[in-house]
Amino acid sequence: LVAQDESYQTQLALLQTKLDRDRQADELLHAQQRERELLMQSQLNRSVTAAAVLLALLLLLLVYLMLSRRFQKRLAEREREASHQLEAQVIERTQALESTMAERLNIEEDRRLLQQSLLEGEKLRALGQLTGGVAHDFNNLMTVVTLSAELLKDDVPADNGRASQSLDDILRAAKSAADITAGLL
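A few points on the structure.

The subject of this paragraph is a nonpolar patch on the surface. On the surface, a cluster of nonpolar side chains totalling about 420 Å² of accessible area is made up of Leu 124, Leu 127, Leu 130 and Val 134. Positionally, Leu 130 belongs in helix α2 (residues 72-155).

Here it is as structure tokens:
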């Protein structure tokens, strides 16, 4: 029952690990989808900004043509100021988006490395549990072999040297196997 309980606990732990891994994969997919949405939104913002700049320039040109020469210098100055402001805003927004993207990429790389470390740790833990279980079971089998050999040795007459020697060989081999099992445990 203890072995079954340990087996069930191991299976539950493995299932929990798989559920955690699936949840993390879903979160990663969600983050990647959000990142794509942000990139598309960024591209849309750039397009809208470029269209707004183009529209503003076209409107300024139309006004320029409709107004008299007296206002041309003043309008040209205003047009330059608006252009510089829009350019500064575009540069500022572009830098902010590039910074955000770089941060997201760093976070994503850190998350990937952490997940990889977690998976490797889980693999090592599972291997350790498996090795311990096999070593424990093997040790139990070797105990039966050792006890049986000792009982047979007590029943073998002293003048049967060949049987006594074979039982001694079995006991030495069982002790060696027990030492190896102890090392595994």
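Under the counting rule described, the total for this entry stands at 8 salt bridges. Among the salt bridges present, the one from Glu 37 reaches Arg 34, with a minimum N-O distance of 3.6 Å. One end of the pair, Glu 37, and the other, Arg 34, are both in helix α1 (residues 2-66), 3 residues apart, so they sit about a helical turn from each other. Judged by its relative accessible area of 37%, Glu 37 falls in the partly exposed class.

Bringing the layout of surface pockets into the picture now. Quantified by volume, the largest pocket comes out at close to 380 Å³. Along its surface, the largest pocket is lined by 14 residues, and Glu 6, Ser 7, Thr 10, Gln 129 and Gly 133 are the ones closest to its centre. Among the secondary structure elements, those contributing two or more residues to the lining of the largest pocket are α1 and α2. The class makeup of the residues in the lining of the largest pocket is 6 nonpolar, 6 polar and 2 charged. The calculated volume of the second largest pocket comes to roughly 240 Å³. As for the second largest pocket, its lining consists of 15 residues, of which Gln 41, Ser 42, Asn 45, Arg 93 and Leu 97 are closest to the centre. When residues of the lining of the second largest pocket are traced back to their parent elements, those giving at least two are α1 and α2. Looking at which element gives the most residues to the lining of the second largest pocket, the answer is α1, with 8 residues.

Calculation notes
Note that residues are indexed from 1 along each chain, following the sequence as it is written. pLDDT decides what is reported in this predicted model: residues at 70 or higher carry local features, side-chain atom pairs at 80 or more are listed and counted, and totals for whole chains, interfaces and linings draw on all residues regardless. Hydrogens and waters are ignored; side-chain quantities use all the structure's heavy atoms. By definition, no residue in a patch forms a salt bridge, and every one has over 30% relative accessible area; like charges are joined within 9 Å, nonpolar side chains (Val, Leu, Ile, Met, Phe, Trp, Tyr) within 5 Å. Residue burial considers only the protein chains on display, and all accessible areas are found by Shrake-Rupley using a 1.4 Å probe. The rule for a salt bridge is simple: a side-chain nitrogen of Lys or Arg has to be within 4 Å of a carboxyl oxygen of Asp or Glu. In this text, helices come from DSSP runs of H or I with a minimum length of four residues, and strands from runs of E with a minimum of two, each type numbered from the N-terminal end. For every residue, the accessible area (1.4 Å probe, protein chains only) is compared with the maximum for its type, and the residue is labelled buried under 20%, exposed over 50%, or partly exposed between those bounds. Cavities and pockets are found on a 1 Å grid laid over the protein atoms alone: a cavity is a set of points where a 1.4 Å probe fits but cannot escape, a pocket is an open set with protein on both sides within 12 Å along at least five of seven lines, and a lining residue has an atom within 4 Å of such a point. Grid points are joined across faces, edges and corners, and a volume is the space filled by probe spheres set on the points. Residue classes follow a fixed rule: Ala, Val, Leu, Ile, Met, Phe, Trp, Tyr, Cys and Pro count as nonpolar, while Asp, Glu, Lys and Arg count as charged, and any other residue, Gly among them, counts as polar.

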